[in-house]
Amino acid sequence: QKEVEQNSGPLSVPEGAIASLNCTYSDRGSQSFFWYRQYSGKSPELIMSIYSNGDKEDGRFTAQLNKASQYVSLLIRDSQPSDSATYLCAVLKAAGNKLTFGGGTRVLVKP
Amino acid sequence: NAGVTQTPKFRILKIGQSMTLQCTQDMNHNYMYWYRQDPGMGLKLIYYSVGAGITDKGEVPNGYNVSRSTTEDFPLRLELAAPSQTSVYFCASTDSYNSPLHFGNGTRLTVT
């Protein structure tokens, strides 16, 4: 089992729809969770960080964390073509200072 | 602030050559990281540092070495380059172990 798992996609959504991305992790003691967006050929950029159970909203983005079920999700509302990118889930394990990334989910927003 | 600066942006190496990827940050961050990203994949941690003089191995350290003599700089050394080291290398830094990472623009390395 991979430490952080994501569906590689591509996830194709029409413009204006909601994109839903999921991420599961294996270390039950993980404490910090991050979503990064990465455009092709560019470096990752932070979209959202979440540290406690529940929802966290920032503009069109909502992160949801459920530590009991060991998953974290990202919702993108009113998806735009500019949201087309790869979304990386990253998890900080309970022990150590190492941030582990999932393989990423490629999102395609079609006009 | 320049943030995290990586040089070079691109490099082609022949098998068996060596090189150093440079990374410097001007945010006075204690934590610095080196990741590699193979095509279509996520990031894999090579080495990290929690402060000057302190380094530790990540998930894929074989074939690489690091040093951290100052807070600002965290160079990554490739000895005896192999085709398996063809990848994009990202350096990142943060001020606290559970804070988001700030990434450099990456170095695209090809070993032939």
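Scroll up to find the structure.
Residues numbered from 1 in each chain as written. Chains lettered and ligands numbered in written order. Predicted model: local features only at pLDDT ≥ 70, side-chain atom pairs only at ≥ 80, totals over all residues. Heavy atoms only, no water.

### Details of the pattern of salt bridges
- Summed over all chains, the structure comprises 7 salt bridges over all chains.
- In this structure, B:Asp38 and B:Arg36 form a salt bridge, with 2.8 Å as the shortest nitrogen-oxygen distance. (Salt bridge = Lys/Arg side-chain N within 4 Å of Asp/Glu carboxyl O.)

### Notes on the state of the cysteines
Residue and element names in this part refer to chain A.
- Enumeration according to the criterion identifies 2 disulfides over all chains in this entry.
- Disulfide pairing places Cys-23 opposite Cys-89 at an S-S distance of 2.1 Å. Since a negative S-S torsion denotes a left-handed disulfide, the Cys-23-Cys-89 link at about -70° is left-handed. Of this pair, Cys-23 sits in strand β3 (residues 19–25) while Cys-89 sits in strand β9 (residues 85–92), and the two are 66 residues apart along the sequence.
- We classify Cys-23 as buried; its relative accessible area is 0%.
- Since its relative accessible area comes to 0%, Cys-89 is described here as buried. (Disulfide = S-S within 2.5 Å. Helix = DSSP H or I, 4+ residues; strand = E, 2+ residues; numbered from the N terminus. Buried < 20%, exposed > 50% of the residue type's maximum accessible area, 1.4 Å probe, protein only.)

### So, the pairing of strand β4 (residues 31–37) of chain B
Residue and element names in this part refer to chain B.
- β4 sits mainly inside the fold: 7 of its 7 residues count as buried.
- Two strands pair when backbone bridges link them, and β4 and strand β5 (residues 43–51) are joined in this way by 6 bridges, in the antiparallel orientation. In the strand pairing of β5, Gln-37 is matched with Leu-43.
- In this structure, the hairpin formed by β4 and β5 is closed by a connection of 5 residues, where Gly-40 is found at a positive phi of approximately 70°. (Pairing = 2+ DSSP bridges.)

### A few points about the sheet that holds strand β8 (residues 71–76) of chain A
Residue and element names in this part refer to chain A.
- Sheet architecture is open: 5 strands sit in the order β1-β3-β8-β7-β6, paired in antiparallel fashion. The sheet terminates laterally at β1 (4–6) and β6 (54–58), the two strands that pair on one side only. Neighbour-to-neighbour, the strand axes of this sheet turn through a mean angle of 20°, independent of strand direction.
- Looking at chain direction, β1 and β3 are connected through 3 bridges and run antiparallel. What sits directly across from Gln-6, in β3, is Cys-23. (Axes fitted to C-alpha atoms, helices over the stretch in contact; angles between N-to-C directions.)

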